[in-house]
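Each chain, letter by letter, is given below.
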Amino acid sequence: MTVSYETSYTPVTDELQNLVKKHNASLVVLGMAPESQDQWVLGNTTTTAIKNLAFPVLVVPIGARFKGLKKIMLACDVANDQPVQLLSMIRNEVIAFESPVEIFMLIKKQLK
């Protein structure tokens, strides 16, 4: 795996969209410091990205260590995603981890 970096004076969410498009990325990994976890409701760069971007974001708390996956949760916006097609795309990856999957579907009611 190759790791690289880029810098920009563009707002983070705008730049993330540019980078995802430029690198044809399917996932963005963002870190979150412990003090940021207290700002989950108020917001910070990571939570702003999660709320405003239309691609998968994996949040990794500082100091986290990978010890395998015990459970996988897939959150999707049913109005924008196609859950059946999305699940078939990740099926092989999930099978490799031998972990149960929970699906969290967000359904926004539209006001008339």
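Residues numbered from 1 in each chain as written. Predicted model: local features only at pLDDT ≥ 70, side-chain atom pairs only at ≥ 80, totals over all residues. Heavy atoms only, no water.

Asks: When you look at the overall build of the protein in this model, what are you seeing that I'm missing?
Replies: Looking only at helices and strands, the protein features four helices and four strands. The helix and strand sequence of the protein, counted from the amino end, reads α-β-α-α-β-β-α-β. Here the protein holds 112 residues, and 19% of them are scored as buried. Sequence separation of 24 or more characterises 66% of the internal contacts of the protein that already satisfy a separation of 6 or more. (Helix = DSSP H or I, 4+ residues; strand = E, 2+ residues; numbered from the N terminus. Buried < 20%, exposed > 50% of the residue type's maximum accessible area, 1.4 Å probe, protein only. Contact = heavy atoms within 4.5 Å.)

Asks: Sorry, what's going on with unusual backbone geometry here?
Replies: Across residues other than glycine, the phi torsion is negative in most instances, and most of the peptide bonds are trans. The phi dihedral of Asn24 is positive, around 50 degrees, even though this residue is not glycine. Looking at the secondary structure, you find Asn24 in the loop between helix 1 (12-23) and strand 1 (28-32). Given the relative accessible area of 69%, Asn24 is considered exposed.

Asks: Looking at this structure, I do not really get helix 3 (residues 45-52). What am I missing?
Replies: Because each turn of an α-helix spans 3.6 residues, side chains separated by three or four positions in sequence point in the same direction. If you check which residues of helix 3 are buried, you get Thr46, Thr47 and Ala49. The buried residues of helix 3 all sit within an arc of 155 degrees when viewed along its axis, so they share a single face. Residues of helix 3 that are exposed and point more than 90 degrees away from the buried face comprise Lys51 and Asn52. Next to the buried residues of helix 3 lie helix 1, strand 1 and strand 2 (57-61). (Arc of directions from axis to C-beta.)

Asks: So what exactly am I meant to see when it comes to the pairing of strand 1 here?
Replies: Here is the key point about a regular strand: its side chains alternate between the two faces of the sheet. Only one face of strand 1 is covered, namely the face carrying Val28, Leu30 and Met32; the face carrying Val29 and Gly31 is uncovered. Bridging between strand 1 and strand 2 involves five bridges; their strand directions are parallel. Paired with Leu30 across the two strands is Val59, which belongs to strand 2. (Pairing = 2+ DSSP bridges.)

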